[in-house]
Amino acid sequence: MSKRSGQFGGGKKKKQKTYHCAKENEKSGATKSKSTFNIQPDMAGVLVMCTRSKENRAVKEALDILQRYGDELYPVAEEEEEDNIDEEEDLEASIAKEVAALKKPKGRKRFANITTGTDCVVFIRTLPPIEPVKLVHHMLTDLNTTQKKTTRYISRYLPVEKTCQAHIEDIENSAKQIFAPHFYQKDSEGQIIPRRFAVVCRVRNCTKLARMDVIKALAATAGQGHKVDLNEPELTVIAEICQNICMLSVVEDFNKLKKYNIESILGVNNAGTPEEPKKESNEADVEAKIEPEEVPEKAEIEAKEEEAEVDEAKTGNVEMSEKAKIDQ
């Protein structure tokens, strides 16, 4: 057998799909910390999907929108101070206030970009009291109501309640913590309240975990008494695995809000479907074409019936005349 025939044999396995690091960071000479995967366990935030090579612009869009909606749901409390000093002391007080503000250590921002080093993937870390699931649901519900697009490069928001190491045991332990308010609630009789749920999992740049193994582990962690419903689930468990980190969350209205896809919510993906008015106009044209053809056929039938009546009348008159002759 020749080398060429051996190279193109049918026993070759398909290569696993990989998500390469962003080329924009490599070309610009960014430092290692800015182009590497920096998501750590025990984080919460929002996973943002965006256009390839537009990750930096997507970060600015995400921070702006998350900050705006975050201020609506979780307004920042402003300290009110009473100014009961004289005009001469007003200047001194304002200078002292500015100096104190400069010396005061800056707190951590409520929203911060955590680099992923992966194309089309951005992670925005959130801090308490921000709840990522509630925040993203509020954003997408408002988008579904207003139908106004406010982003250019972002295509999807996925909330992340908790991150952990990408091991089955760690995933099960973290899932139990976020599953408690959803799957472990009991009624007045002490019975588990049944819920319909689905599990959505995606694996990126991780070869040590299989997607179905993660789905089975999460479904088992939900416990007995619940039913898997992929069409109309009450709750959807989202598991996003990227490199050595698993990001988990439990969300509502996942199918109703088009799997949290912005373009699908706005109907951009349905632009190529046929429109109903065109079908109605075509049917009207067909009916218009059929009606003129049916009218001559009816006229011909009526004319034939009249001719038949005339013939019967003529035959009847002939018979009457013949009887009259015989009687005479």
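Residues numbered from 1 in each chain as written. Predicted model: local features only at pLDDT ≥ 70, side-chain atom pairs only at ≥ 80, totals over all residues. Heavy atoms only, no water.

### Looking at the packing of aromatic side chains
Then comes step 1: Scanning the entire structure with this criterion turns up three aromatic pairs.
Then comes step 2: Between Phe-183 and Phe-197 the ring centres are 5.3 Å apart and the planes differ by 75°, which places this aromatic pair in the edge-to-face class. A residue pair is termed long-range when its members are at least 10 positions apart, and Phe-183 in helix H7 (residues 168-183) and Phe-197 in strand S6 (residues 196-204) qualify at 14 residues. You'll find Phe-183 and Phe-197 in the same group, each marked buried.
Then comes step 3: What links up through ring pairs into an aromatic cluster is the set Phe-179, Phe-183 and Phe-197. (Phe/Tyr/Trp six-rings, centres within 6.5 Å; stacked < 30°, edge-to-face > 60°. Helix = DSSP H or I, 4+ residues; strand = E, 2+ residues; numbered from the N terminus. Buried < 20%, exposed > 50% of the residue type's maximum accessible area, 1.4 Å probe, protein only.)

### Re the pairing of strand S1 (residues 45-50)
Then comes step 1: Counting buried residues in S1 gives six out of six residues, a clear majority hidden from the surface.
Then comes step 2: Bridge count for S1 against strand S3 (residues 121-126) is five bridges, and the pairing is antiparallel. Among the inter-strand pairings, Val-46 is bridged to a residue of S3, identified as Ile-124.
Then comes step 3: As judged from the six bridges shared by S1 and strand S4 (residues 154-160), these two strands associate in the antiparallel manner. Bridged to Gly-45 within S4 is Val-160. (Pairing = 2+ DSSP bridges.)

### Examining the packing of helix H4 (residues 55-73) against helix H6 (residues 132-146)
Then comes step 1: Direction vectors running N to C along H4 and H6 enclose 105°, while the axes themselves pass 10 Å from each other. Taken together, the axes of H4 and H6 lie roughly perpendicular to each other. The segment H4 lies against H6, with Ile-65, Leu-66, Tyr-69, Gly-70, Glu-72 and Leu-73 engaging Lys-134, Leu-135, His-138, Met-139 and Asp-142.
Then comes step 2: A breakdown of the residues in the contact of H4 with H6 according to their chemical character gives six nonpolar, two polar and three charged. (Axes fitted to C-alpha atoms, helices over the stretch in contact; angles between N-to-C directions. Parallel < 35°, antiparallel > 145°, perpendicular 65-115°, else oblique. Contact = heavy atoms within 4.5 Å. Nonpolar A, V, L, I, M, F, W, Y, C, P; charged D, E, K, R; others polar.)

### Brief notes about unusual backbone geometry
Then comes step 1: The omega torsion across Pro-128 and Pro-129 is 10°, close enough to zero to call that bond cis.
Then comes step 2: As for its position among the elements, Pro-129 is in the loop between S3 and H6.
Then comes step 3: If you check the backbone angles, Asp-42 has positive phi at about 65° while not being a glycine.
Then comes step 4: Position of Asp-42 relative to the elements: it lies in the loop between helix H3 (32-35) and S1.
Then comes step 5: Relative accessible area serves as the criterion here: at 60%, Asp-42 is assigned to the exposed category.
Then comes step 6: One non-glycine residue, Asn-205, lies in the positive phi region at around 50°.
Then comes step 7: Following the sequence through the fold, Asn-205 ends up in the loop between S6 and helix H8 (211-222).
Then comes step 8: By relative accessible area, which is 26% here, Asn-205 ends up partly exposed.

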